[in-house]
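Survey of secondary and tertiary structure
Chain by chain, the residues run as shown.
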Amino acid sequence: MPSITDCKCVLVIGATAGIGRALALVIHELPSKPTVIVAGRRQERLDELTEEGDRIKAVNFDVNSGRDALKSSVQDIVTNYPDLDAVMFSSGIQHIFDFKKPESVDLDKLETELNTNYTSIIRMTTFFLPHFLKLSERGRPSFIITVTSGLAIVPGPWVPNYCATKAALHSFSLSLDQQLKDTNVTVMEIIPPLVESELHDHQGTTPKYSKFWMPLDEFTKGAMEGLKRGDLQIPVGTAAQQWEVFEKGKAEKAAKTQEIFQKNA
């Protein structure tokens, strides 16, 4: 089964902190010695990452750019890195919203969260797929790797929009994998639990969460084990327990649904 160990060039979008940064560095250390492209908005963080290895390249990239600008950025990456055979979507933001106080709900923040965590990823997937499908025609495997959340499975009501965006991305990942099953493009989904991250700093919840979140190094090890095995779904920690109860077998059911649809279309 194809896995991350087959890749020549991996792009990690959202690599300047947290899960994206940690996975980019570990992928760079694979024996296959892939080129790793780190992408994000914070140039100083990107510059720091490039000092970690000669095969780490940096691209300043804003997932909240307009559609045309985003498409142009993707095309530039594909042109400059024709060996690109994997993209990991790790960028994400999270906000607390209290709908008991609707006047307090900042719709600008809500819509940016939706775009960052879901809509922009669908756009980028659309823009990257022509390149990956060309690789597929030449017999080369490629990978689209989404990073969702255990909150896509069991929502946390204090972050309702975040949970909804991750649930949408989870569902999309399952469907996309089925649509691409006859190609050499593989869709993999990493499903983290609550992980040590800067994601919560702006909420003021880091001191509380740090008492029980999964250490980033431990999470990274678990996620990489799944990536190296070529698992299509990679739940880690408490997310694995939730996946066992609520999600196990869903991918197979989605495949059956796709089969029925194709027979009756």
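Structure: above.
What comes next concerns the included structure. (Residues numbered from 1 in each chain as written. Predicted model: local features only at pLDDT ≥ 70, side-chain atom pairs only at ≥ 80, totals over all residues. Heavy atoms only, no water.)

This part covers the overall build of the chain. Counting secondary structure elements, the chain contains nine helices and seven strands. Taking 265 residues into account, the globule formula puts the C-alpha radius of gyration at 18 Å, and the chain, at 18 Å, falls close to it. Considered along the principal axes of its C-alpha atoms, the chain spans approximately 55 × 55 × 35 Å. Counting the 265 residues in the chain, one finds 49% classified as buried. Relative to all contacts within the chain whose residues are 6 or more apart in sequence, the contacts with residues 24 or more apart total 70%. (Helix = DSSP H or I, 4+ residues; strand = E, 2+ residues; numbered from the N terminus. Rg over C-alpha atoms; globule rule 2.2 N^0.38 Å. Buried < 20%, exposed > 50% of the residue type's maximum accessible area, 1.4 Å probe, protein only. Contact = heavy atoms within 4.5 Å.)

Next up on the list: the pattern of salt bridges. Using the criterion set out here, one finds six salt bridges in the structure. With its nearest N and O atoms 3.4 Å apart, the salt bridge here joins Asp83 to Arg140. With Asp83 in the loop between α3 (67-80) and β4 (86-89) and Arg140 in the loop between α4 (107-137) and β5 (142-147), the pair connects residues that are 57 residues apart, well separated along the chain. Residue classification places Asp83 among the partly exposed positions, given a relative accessible area of 40%. In this structure Arg140 comes out as buried when scored by relative accessible area, which is 16%. The salt bridge partner of Asp85 is Arg140, with a shortest N-O separation of 3.0 Å. (Salt bridge = Lys/Arg side-chain N within 4 Å of Asp/Glu carboxyl O.)

We now examine the sheet that holds strand β6 (residues 185-191). Across the sheet, which stays open at both edges, the seven strands sit in the order β3-β2-β1-β4-β5-β6-β7 with parallel pairing between neighbours. Only two strands of the sheet have a single neighbouring strand rather than two, namely β3 (56-60) and β7 (233-235). Taking the axes of each pair of neighbouring strands and ignoring which way they run, one obtains an average angle of 15° across the sheet. Inspection of the sheet shows strand β2 (residues 35-40) paired to β3 by five bridges, in the parallel sense. Paired with Gly40 across the bridge in β3 is Asn60. (Pairing = 2+ DSSP bridges. Axes fitted to C-alpha atoms, helices over the stretch in contact; angles between N-to-C directions.)

Between its first and last C-alpha, helix α7 (residues 216-229) extends 20 Å over 14 residues, near the 20 Å set by a 1.5 Å rise per residue. Along α7, the positions that sit buried rather than exposed are Leu216, Phe219, Thr220, Gly222, Ala223, Met224, Gly226 and Leu227. Looking at the packing, one finds that the buried side of α7 touches α1 (18-28), β4, β5, β6 and β7. Phi for Gly230, located one or two positions after α7, is positive at around 85°. (Expected span 1.5 Å × (residues − 1).)

Attention shifts here to the side chain of Thr186. Along the chain, Thr186 falls in strand β6. Apart from residues lying up to four places away in sequence, Thr186 is in contact with Ser142, Phe143, Ile144 and Leu232.

It is worth spelling out the nonpolar core at this point. Of all hydrophobic cores here, the largest spans 32 residues; its most connected members are Ile4, Met88, Ile190, Phe219 and Leu227. Not counting the four nearest positions on each side in its chain, Phe219 is found in contact with Ile19, Ile190, Pro192, Pro193, Val195, Met214 and Val236. With 28 residues, the next largest nonpolar core counts Leu11, Phe89, Phe128 and Leu180 among its residues. (Core = buried A, V, L, I, M, F, W, Y, C linked by side-chain atoms within 4.5 Å.)

A separate point is a negative patch on the surface. A contiguous patch of negative charge, built from Glu29, Glu44, Asp47, Glu48, Glu51 and Glu52, is present on the exposed surface. Looking at the element boundaries, Glu52 is found in the loop between α2 (43-50) and β3. Accessibility expressed as a relative area gives 45% for Glu52, which makes it partly exposed. (Patch = residues over 30% accessible without salt bridge, like charges linked within 9 Å, V, L, I, M, F, W, Y side chains within 5 Å. Areas by Shrake-Rupley, 256 points an atom, 1.4 Å probe, with all protein chains shown as cover. Lys, Arg positive; Asp, Glu negative; His and termini not counted. Charge placed at Lys NZ, Arg CZ, Asp CG, Glu CD.)

The subject of this paragraph is the packing of helix α5 (residues 160-179) against helix α9 (residues 250-264). Each pair of packed helices can be summarised by the angle the axes make with each other and by the distance between the axes. Axis separation between α5 and α9 bottoms out at 10 Å; the angle between their running directions is 50°. Taken as axis vectors, α5 and α9 run oblique relative to one another. When the axes of α5 and α9 are compared, the crossing they make is right-handed. Residue-level inspection shows His170, Leu174, Gln178 and Gln179 of α5 in contact with α9, the latter providing Lys250, Ala251, Ala254, Ala255 and Gln258. Of the residues belonging to the contact of α5 with α9, the class tally is four nonpolar, four polar and one charged. (Parallel < 35°, antiparallel > 145°, perpendicular 65-115°, else oblique. Left-handed = near helix turned anticlockwise from the far one by under 90°. Nonpolar A, V, L, I, M, F, W, Y, C, P; charged D, E, K, R; others polar.)

What follows is about the environment of Met214. When you line up the elements, Met214 lands in the loop between α6 (206-209) and α7. Distance from Met214 to Glu196, taken between C-alpha atoms, is 6.0 Å for residues 18 residues apart in sequence. Setting aside residues up to four positions removed in sequence, Met214 forms contacts with Pro193, Leu194, Val195, Glu196, Phe219, Val236 and Gly237.

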